[in-house]
Amino acid sequence: MSTEENNKKDLRIKSKVYTESNIKAPNRAMLRAVGFTDESFTKPQIGIASTWAEVTPCNIHLNELAQEAKAGAREAGGVPLQFNTITVSDGISMGTQGMRYSLPSRDLIADSIETVVGAENLDALVAIGACDKNIPGCAIAIANAEVPAVFVYGGTIAPGQHRGGDIDLVSVFEGVGKLNAGEIDDEELNKIECSACPGAGACGGMYTANTMASAMEALGLSLPGSASNPAVSEAKAKDVKAAGEAVYKLLEAGIYPKDIMTKKAFENAITVVMALGGSTNAILHILAIAHAAEVDLTIDDFNRLQEKVPHLADLKPSGRYVMQDLYKVGGVQGVMKMLLKEGYLHGDCLTVTGKTIAENLEAVDDLAEGQDVIMPFDNPKRADGPLIVLKGNLSPVGSVAKVSGVKVSRHVGPARVFDNEKDASDAVLNNKINEGDVLVIRYVGPKGGPGMPEMLSISSLLVGKGLGEKVALLTDGRFSGGTHGLVVGHIAPEAQSGGPIALLKEGDTVTIDSTKKEISCDVSEEEFKNRRSQWQAPPLYKKGVLGKYAHNVTCASEGAVTDYLNK
């Protein structure tokens, strides 16, 4: 090596193990088989983790994007090594037994990426995700792998077109309810079905994927613009290539995820989610990411910030617009600039650019003049945030409601109790659920499901039948980011663990009050005690990945993590 090379900082923070002695000649021999040369061993090895798959439009284009990330890392001076992990589609598995695998896939993705980075002694990581669970999965892996890393979002799908207007996947789910209500016929539903998803990219509203992508950008783990750039766009190809270059610079600067993933950074992420009217799943996933990053964040932090941050975005599912519309008027960066100006963000938080949030936003234009995707602070969609944590004798450690677009702040009605989604859906389809009812679906939590499946199918049925704000829907399972209406999920403790929801009986009066942030039932402690003495937990699922998950996962109010060893 030259004197200049000897004096240069060695960026091979882990992979240098392969060149420390001739004992590692066999290791090097295998790397030569995948294209390494003598020069390659002098450069840092950068993992490019892709969640590409043909099983969902969210991820079908990620292999091509991974090539861009590889080019960026190579041109910067690294040796990129691409590898894949799994993804599953929430939209395709929705309403089937397959939905039980969705949330567990988050942890499988995280574990598999961490495993490859650790086993291969990679020096840095670019993680590319698009669908709901691979975004938090990638972020958890970044926290646990403890090497310089950048997350890249695969981007949002373009809206579909039908009868001169924009539609998306949720339009199809709600179309099923309209068909059942007699508002449309089979032919019309088929036209909606065939038009809703025009190509590659994640579901277009402020659903879970776009919510979590926005959170990653606010957290500082993504380059500016990554959350908003559409899946099929020149801007997306450029930001993915830039991520490969950026991770090399993080190596040079010695910036690690722990330097970025601080308590204040998580508060920024929650703030942006509240302002955009994001998915209830954000609470579950942000808690899990904070757990991996060893940051002291609790479910109560969400209510603290909810009380301060206004809901500004007129985005689906409760609003008019989709993520591509936000991109056209300035994107998530434009929203963050608004929030920073008004003192809602911590501008001093470090990001993967090597600069702070405030420094990044100096170069960002204000949102387009005259746009109405994002409302002004003096005329918000809601004066406080739309994601609310409810507690009470039905959910002592917390449940989650999304109240954006919901006019009803208090609902009192009789419990209609079901132990699975299918029976509840049949009751709705057969017109056995009436206005004023509280529809309860239990034993579908993290352990009980197992896997805490989402309830988009049944919530969309209710909306499609005109019952979205006339029937309350409660569950210890989850809701899709596409869900809207009078819904409360993540009820904890869950039924499988003996939470009060397991002891609820048909006809018990349930009260939901979003203003007081309370969820309760008219059952005394003495009566709960009597019911508990007669209650027995169903056996936990035992087989395969769902069995492993059921025996290891924690409460939803803790993020439903699987490595909380002191539980």
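Note that the structure is a prediction, hence the values are computed from the model and not measured.

> Help me understand the nonpolar core, please; the structure alone is not making it clear to me.
One broad trend across soluble globular proteins is that nonpolar side chains are buried collectively. Counting residues in hydrophobic clusters, the biggest one holds 108 residues, and the most contacted among them are Leu125, Met216, Phe266, Leu276, Ile286, Leu326 and Ile374. At nine residues, helix H12 (residues 263–276) tops the list of elements feeding residues into this core. Discounting chain neighbours no more than four positions away, the residues touching Met216 are Ile135, Ala139, Phe151, Leu221, Ser222 and Ile289. By size, the runner-up hydrophobic cluster in this structure holds 27 residues, among which are Leu390, Ile491, Ile501 and Phe528.

> Whenever I open this one, the pairing of strand E1 (residues 45–50) confuses me. Can you help?
Successive side chains on a regular strand alternate, one facing one side of the sheet and the next facing the other. The element E1 is largely enclosed, with a buried count of six among its six residues. Side chains of E1 alternate between two faces, with Gln45, Gly47 and Ala49 and Ile46, Ile48 and Ser50 buried alike. For E1 and strand E2 (residues 79–84), the ladder comprises six bridges, and the chain directions are parallel. Note on E2: the bridge partner recorded for Ser50 is Asn84. Between the parallel elements E1 and E2, the chain passes through helix H3 (residues 62–76) in a crossover that is right-handed. With five bridges connecting them, E1 and strand E3 (residues 124–129) associate as parallel partners. Across the sheet, Ile46 pairs through a bridge with Ala124, a residue of E3.

> What is the right way to read the UniProt feature "binding site: Mg(2+)" (unreviewed entry) in the chain from this model?
UniProt's feature table lists "binding site: Mg(2+)" (unreviewed entry) at Asp90, Asp132, Lys133 and Glu454, given in the numbering used throughout. Spanning 365 residues, the annotated positions come together in the fold, the maximum distance between their C-alpha atoms being 12.3 Å. What makes Asp132 buried here is its relative accessible area of 11%. Setting aside anything within four residues of it in sequence, one finds Asp132 in contact with Asp90, Thr208, Ala209 and Glu454. Not counting the four nearest positions on each side in its chain, Glu454 is found in contact with Asp90, Met94, Met99, Asp132, Lys133, Asn281, Glu421, Arg478, Phe479 and Ser480. Separated by 3.1 Å, the side chains of Glu454 and Asn281 make a polar contact.

> Just to check I follow, could you spell out unusual backbone geometry for this structure?
The step from Lys316 to Pro317 runs through a cis peptide bond, and the omega angle for that step is 20°. Relative to the helices and strands, Pro317 is located in the loop between helix H14 (299–306) and helix H15 (323–329). The residue after Gly449, namely Pro450, is reached through a cis peptide bond having omega -20°. Mapped onto the elements of the fold, Pro450 is located in the loop between strand E10 (438–441) and helix H19 (456–464).

> Sorry, what's going on with the environment of Gly482 here?
Looking at where Gly482 falls in the secondary structure, it is placed in the loop between strand E11 (472–475) and strand E12 (487–492). In this structure Gly482 comes out as buried when scored by relative accessible area, which is 2%. The spacing of Gly482 and Ala427 is 55 residues in sequence and 22 Å in space, taken between C-alpha atoms. The contacts of Gly482, once residues within four sequence positions are left out, are Val170, Tyr207, Pro317 and Leu456.

> Would you mind showing me how to read the UniProt feature "binding site: [2Fe-2S] cluster" (unreviewed entry) in the chain here?
Residues annotated in UniProt with the feature "binding site: [2Fe-2S] cluster" (unreviewed entry) correspond here to Cys58. Take Cys58: it is sitting in the loop between E1 and H3. Note on Cys58: relative accessible area 5%, which makes it buried.

Cut-offs applied
Residues numbered from 1 in each chain as written. Predicted model: local features only at pLDDT ≥ 70, side-chain atom pairs only at ≥ 80, totals over all residues. Heavy atoms only, no water. Core = buried A, V, L, I, M, F, W, Y, C linked by side-chain atoms within 4.5 Å. Buried < 20%, exposed > 50% of the residue type's maximum accessible area, 1.4 Å probe, protein only. Helix = DSSP H or I, 4+ residues; strand = E, 2+ residues; numbered from the N terminus. Contact = heavy atoms within 4.5 Å. Pairing = 2+ DSSP bridges. Right-handed = clockwise from strand over helix to strand, strands pointing away. UniProt positions renumbered as here; feature names shortened; annotations may be inferred. Polar contact = N/O pair within 3.5 Å; in protein donor to acceptor, adjacent residues only side chain to side chain.

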